[in-house]
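# Examining the three-dimensional arrangement
Letter by letter, the chains look like this.
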Amino acid sequence: MNVWLVTAAVLLVSLIPVGWVCLRAEPMDRVVALQLASNIDALILVVLSEALGRDALFDVALLLALLSFAGGLTFVRFMERWV
Amino acid sequence: MNVLVVVLLVVAVAAVVISVAGMAVMTNVYDRMHYVGPASMIAPVAVAAAVVAREGLGPAGIKAVLVAVVVAATSPVLTHATGRAARIRELGQWAPTDDERGDA
């Protein structure tokens, strides 16, 4: 157990309230919670990469950051009028 | 150096916890959007700084900085798009309404 693993664990636990908002709130609030969850997930992957010594997880974090941006924009575009 | 890494990770965790708590407590989508800020700006920079402090500017450090830059750059854009979509969904338009313009 090192400081990186503890950090990753705390960040994982912090996703629980975000998941609650995603489940229970209004649609636009859910999109905001999804955006926050995506940011936290990217941080978790970076921290886990350091904790486990696996450099490949940095690439996954970068990909997640880019794709969650594109996905979020797609969500909000559709939720303006069509969903 | 270990102390610096711990301090930076504590800062990152604190920013995320504050963001999550604020977003969960707020009831309005416009208020909730503001709390995404610390988790998308302070936390990634602090984590990237912690990685660089530990690994130096090698491949791992550069990738961590890149992740922080991408998250910090894209999050405000997405937040603005979300606010715009929320307004259009609520009012039917992005432009100011007559009441907001103060037209007689």
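Residues numbered from 1 in each chain as written. Chains lettered and ligands numbered in written order. Predicted model: local features only at pLDDT ≥ 70, side-chain atom pairs only at ≥ 80, totals over all residues. Heavy atoms only, no water.

## Details of the environment of Ala15 of chain B
All names here are of chain B.
- Structurally, Ala15 can be placed in helix H1 (residues 2-25).
- Sequence separation of Ala15 and Ala46 is 31 residues, and the distance between their C-alpha atoms is 9.4 Å.
- Beyond its immediate chain neighbours, meaning those up to four positions away, Ala15 contacts Pro38, Ala39, Ile42 and Ala43. (Helix = DSSP H or I, 4+ residues; strand = E, 2+ residues; numbered from the N terminus. Contact = heavy atoms within 4.5 Å.)

## Re helix H4 (residues 59-91) of chain B
- With 33 residues, H4 of chain B ought to run about 48 Å at 1.5 Å a step, and its terminal C-alpha atoms sit 48 Å apart, in line with that.
- Of the residues one or two after H4 of chain B, Gly92 of chain B is the one with positive phi, at around 85°. (Expected span 1.5 Å × (residues − 1).)

## Regarding the side chain of Arg32 of chain B
- By the secondary structure assignment, Arg32 of chain B is in helix H2 (residues 29-34).
- Given a relative accessible area of 8%, Arg32 of chain B falls into the buried group.
- Here Arg32 of chain B is in contact with Val21, Ala25, Asp29 and Val32 of chain A together with Met23, Ala24, Met26 and Thr27 of chain B, once residues within four sequence places are set aside. (Buried < 20%, exposed > 50% of the residue type's maximum accessible area, 1.4 Å probe, protein only.)

## Describing the interface of chain B and chain A
- Each partner contributes residues to the interface: chain B has 44 residues there, and chain A has 42 residues.
- Roughly 3700 Å² is buried in total at the junction of chain B and chain A, and carbon and sulfur atoms are behind 76% of that figure.
- Together, Val67, Leu78 and Arg89 of chain B form the three largest contributors to the area buried by chain B at its contact with chain A, with a combined 17%.
- Our count for the chain B to chain A interface comes out at four salt bridges.
- Counting the contacts that link chain B with chain A gives eight residue pairs in polar contact (both at pLDDT 80 or more).
- Of all the secondary structure elements, the ones that give two or more residues to the side of chain B that touches chain A are H1, H2, helix H3 (36-55) and H4 of chain B.
- With 19 residues, the top contributor of residues to the side of chain B that touches chain A is H4 of chain B.
- Class assignment for the residues of the side of chain B that touches chain A results in 29 nonpolar, nine polar and six charged. (Buried area = accessible area lost by both parts, 1.4 Å probe. Salt bridge = Lys/Arg side-chain N within 4 Å of Asp/Glu carboxyl O. Polar contact = N/O pair within 3.5 Å; in protein donor to acceptor, adjacent residues only side chain to side chain. Nonpolar A, V, L, I, M, F, W, Y, C, P; charged D, E, K, R; others polar.)

## Observations regarding the packing of H3 of chain B against H4 of chain B
All names here are of chain B.
- At a minimum axis separation of 8 Å, H3 and H4 run at an interaxial angle of 175°. Between H3 and H4, the angle falls in the class roughly antiparallel. Only Ala60, Gly61, Ala64, Val65, Ala68, Val71, Ala72, Ser75, Pro76 and Thr79 of H4 make contact with H3, whose side of the interface consists of Val36, Ser40, Met41, Pro44, Val45, Ala48, Val51, Val52 and Glu55. (Axes fitted to C-alpha atoms, helices over the stretch in contact; angles between N-to-C directions. Parallel < 35°, antiparallel > 145°, perpendicular 65-115°, else oblique.)

## Some words on the packing of helix H2 (residues 15-24) of chain A against helix H3 (residues 27-52) of chain A
Residues and elements named next belong to chain A.
- With their axes 8 Å apart at the nearest point, H2 and H3 run at an angle of 155° to one another. When the interaxial angle is binned, H2 and H3 end up roughly antiparallel. As H2 runs across H3, the sense of the crossing is left-handed. Residues Leu15, Val18, Val21, Cys22, Leu23 and Arg24 of H2 form the contact with H3, whose participating residues are Asp29, Arg30, Ala33, Leu34, Leu36, Ala37, Ile40, Asp41 and Ile44. (Left-handed = near helix turned anticlockwise from the far one by under 90°.)

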